[in-house]
Amino acid sequence: MVKCIIREAGDDDIEGIARLRLRIKEFQPIETEEYTAFWKSWIKDNPRSGQKVFVAVDDKGGIVGHYAMVAYDFRRDGNTLVGGFVGQLMVDEDYRNALIFPKMLLKLLREYKDAGVDFVYSLSNRQEVVTAHQSFGFRKIGVLSVYARPYKFTKIGGHLIKNKLLYSTMKPFLLLAEKVVPLIGFAGSSRLKVKEISKFDASVDKFIEEVRLYFPYCIVRNAAVLNWLTLGSPARKYRALIAEEEGNFSGYVVVRRMKMKQFDVLAIVDILFSPERPDVGKALLKAAHGIARQMQVDMTNCLLSSHDPLYPTLKKCGYYKTPESIALFIHEQKGAVPQFTEDSFFRWHLTWLDHDSV
């Protein structure tokens, strides 16, 4: 049996973690400098304490495993809890029989309460991760779908339609869709103005307070959190746009270009507007649509649940359910009264913002 030790990560481990990331075939390729900048921002710049980061080190001092938990303030029906989001699981292929992941997970589950974290949650569709989480007391709460608005129908169709004859038959219609669909507009209010910003300010805090009752279960969003998770990580090239009506903040959208499997995607990382103002949502999505066309990506996409109050607006703007989905898992301390159940899933508001892979 290969031996290694599990310990908390330090600043000197960042380069080793980045090199490990390059060796993980399941992940999209990423430049070492970009990943290092992301890791530092995601872990070190968190405006609240409580994160836990573990590495597995072999007998030569090399990093062969990594697992992180980042703490978020989390709103549950007006009460604030501390949620620990876990991700960035990486185990070197040569060490996958050494039980590294279970050891890191057990260490995390023993220690998160003392770090001030009330519960741990995860979004995952990797079967080995799902199996391990369920084996160690995580409960599956629900499933979120990935919704997409396609642009390059011929490329997407080529990947989805495996029968060559069927694809040849469909190709003229796919070409027509590529010409017609981008011309479909987004009706909205002429009073709304959408502009790009370089930093969130206090105006977003006032707006979030006004709409928070529509989103009873979600991470606490404010200027500090949004700047930390998005615009504070310049290597990842997030772009944020806000909608204003007569000078008043009415909503925002954050986007980032990225690779998802074989597709070039503009991800709707986060979007927030009042469900009673679908015109604001349409204006924000129209702005994202303009960026997507300018970049000539294959599609835009968004992670959301079908019960989310923002979903109807996305649907009206041409976002369709894809075959991709991600499950939400929760771990709470043994013996504690459960704060979250499957019946509560319809109250959750989750986007790519929660998910560390963005």
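For the structure itself, consult the block above.
Since the model is a prediction, treat every value here as computed from it, not as a measurement.

A tally of helices and strands in the chain yields 10 helices and 13 strands. The buried share among the 358 residues of the chain stands at 54%. A separation of at least 24 residues holds for 74% of the contacts in the chain among residues at least 6 apart in sequence. For the chain, the exposed area adds up to about 17100 Å²; of that, 52% sits on carbon and sulfur atoms.

Turning to the nonpolar core, a few remarks are in order. Core analysis: the largest hydrophobic core is formed by 95 residues, its most contacted members being Trp42, Tyr121, Phe200, Leu328 and Trp348. Looking at this core element by element, the count peaks at 9 residues for strand S11 (residues 263-273). When near neighbours in sequence (up to four residues on either side) are disregarded, Phe200 contacts Ala223, Leu226, Asn227, Thr230, Leu231, Ala240, Ile242, Tyr252 and Val254. One finds Leu105, Val117, Phe138 and Ala327 within the second-largest nonpolar core, a separate group that totals 28 residues.

Charged atoms that come close allow side chains of opposite charge to pair. According to the stated counting rule, one finds 23 salt bridges in the structure shown. Across the salt bridge formed by Glu111 and Lys107, the nearest N and O atoms sit 2.9 Å from each other. One end of the pair is Glu111 and the other is Lys107, both in helix H3 (residues 100-111) and 4 residues apart, which spans about a single turn. Taken individually, Glu111 and Lys107 each receive the classification buried, so the pair is uniform in this respect. The salt bridge partner of Glu332 is Arg139, with a shortest N-O separation of 2.4 Å. Of this pair, Glu332 sits in strand S13 (residues 320-332) while Arg139 is found in strand S6 (residues 139-150), placing the two residues 193 residues apart along the sequence. With a relative accessible area of 30%, Arg139 lands in the partly exposed category.

Restricting attention to buried positions, one finds in helix H7 (residues 202-211) the residues Val204, Phe207, Ile208 and Val211. Projected down its long axis, H7 shows its buried positions confined to an angular sector of 100°, all on one face. Opposite the packed face of H7, turned more than 90 degrees from it, sit the exposed residues Ala202 and Lys206. At its buried positions, H7 is contacted by helix H8 (223-231), strand S10 (248-260) and S11.

Our focus in this paragraph is the pairing of strand S3 (residues 63-76). Moving residue by residue along a regular strand, the side chains alternate between the two faces of the sheet. The element S3 is extensively covered by neighbouring structure, given that 13 of its 14 residues are classed as buried. Pairing between strand S2 (residues 52-58) and S3: 6 bridges, direction antiparallel. Looking across to S3, one finds that Val55 is bridged to His66. Between S2 and S3, which follow one another and run antiparallel, lie 4 residues, and Gly61 among them has a positive phi close to 90°. Of the pairings in the sheet, the one linking S3 to strand S4 (residues 79-91) comprises 11 bridges and is antiparallel in character.

What follows concerns the environment of Ala235. Looking at the secondary structure, you find Ala235 in the loop between H8 and strand S9 (239-245). Accessibility expressed as a relative area gives 27% for Ala235, which makes it partly exposed. Taking C-alpha positions, Ala235 is 7.0 Å from Phe38, a pair spaced 197 residues apart along the chain. When near neighbours in sequence (up to four residues on either side) are disregarded, Ala235 contacts Glu34 and Ala37.

A separate point is helix H2 (residues 32-44). The terminal C-alpha atoms of H2 lie 17 Å apart, and with 13 residues this matches the ideal 18 Å at 1.5 Å per residue to within 8%. Listed as buried for H2 are Tyr35, Thr36, Phe38, Trp39, Ser41, Trp42 and Ile43. Where H2 is buried, its residues touch helix H1 (14-23), S2, S3, S4 and H8.

Summed over all chains, the structure comprises 20 aromatic pairs. Residues Phe74 and Phe119 carry aromatic rings whose centres are separated by 5.2 Å and whose planes lie at 80° to one another, so their mutual orientation is edge-to-face. Taken together, the residues Phe74 in strand S3 and Phe119 in strand S5 (residues 119-124) connect sequence positions 45 residues apart. An aromatic cluster of three or more residues is present, and its members are Tyr72, Phe74, Phe85, Phe119, Tyr121, Tyr217, Trp228, Phe340 and Trp348. Its guanidinium or amino end placed over the ring of Phe340, Arg76 lies 5.9 Å from that ring's centre, counting from NZ or CZ. Between the NZ or CZ atom of Arg256 and the centre of the ring of Tyr238, over which it lies, the distance is 5.6 Å.

What counts and how
- Residues numbered from 1 in each chain as written.
- Predicted model: local features only at pLDDT ≥ 70, side-chain atom pairs only at ≥ 80, totals over all residues.
- Heavy atoms only, no water.
- Helix = DSSP H or I, 4+ residues; strand = E, 2+ residues; numbered from the N terminus.
- Buried < 20%, exposed > 50% of the residue type's maximum accessible area, 1.4 Å probe, protein only.
- Contact = heavy atoms within 4.5 Å.
- Areas by Shrake-Rupley, 256 points an atom, 1.4 Å probe, with all protein chains shown as cover.
- Core = buried A, V, L, I, M, F, W, Y, C linked by side-chain atoms within 4.5 Å.
- Salt bridge = Lys/Arg side-chain N within 4 Å of Asp/Glu carboxyl O.
- Arc of directions from axis to C-beta.
- Pairing = 2+ DSSP bridges.
- Expected span 1.5 Å × (residues − 1).
- Phe/Tyr/Trp six-rings, centres within 6.5 Å; stacked < 30°, edge-to-face > 60°.
- Lys NZ or Arg CZ within 6 Å of the ring centre and 35° of its normal.

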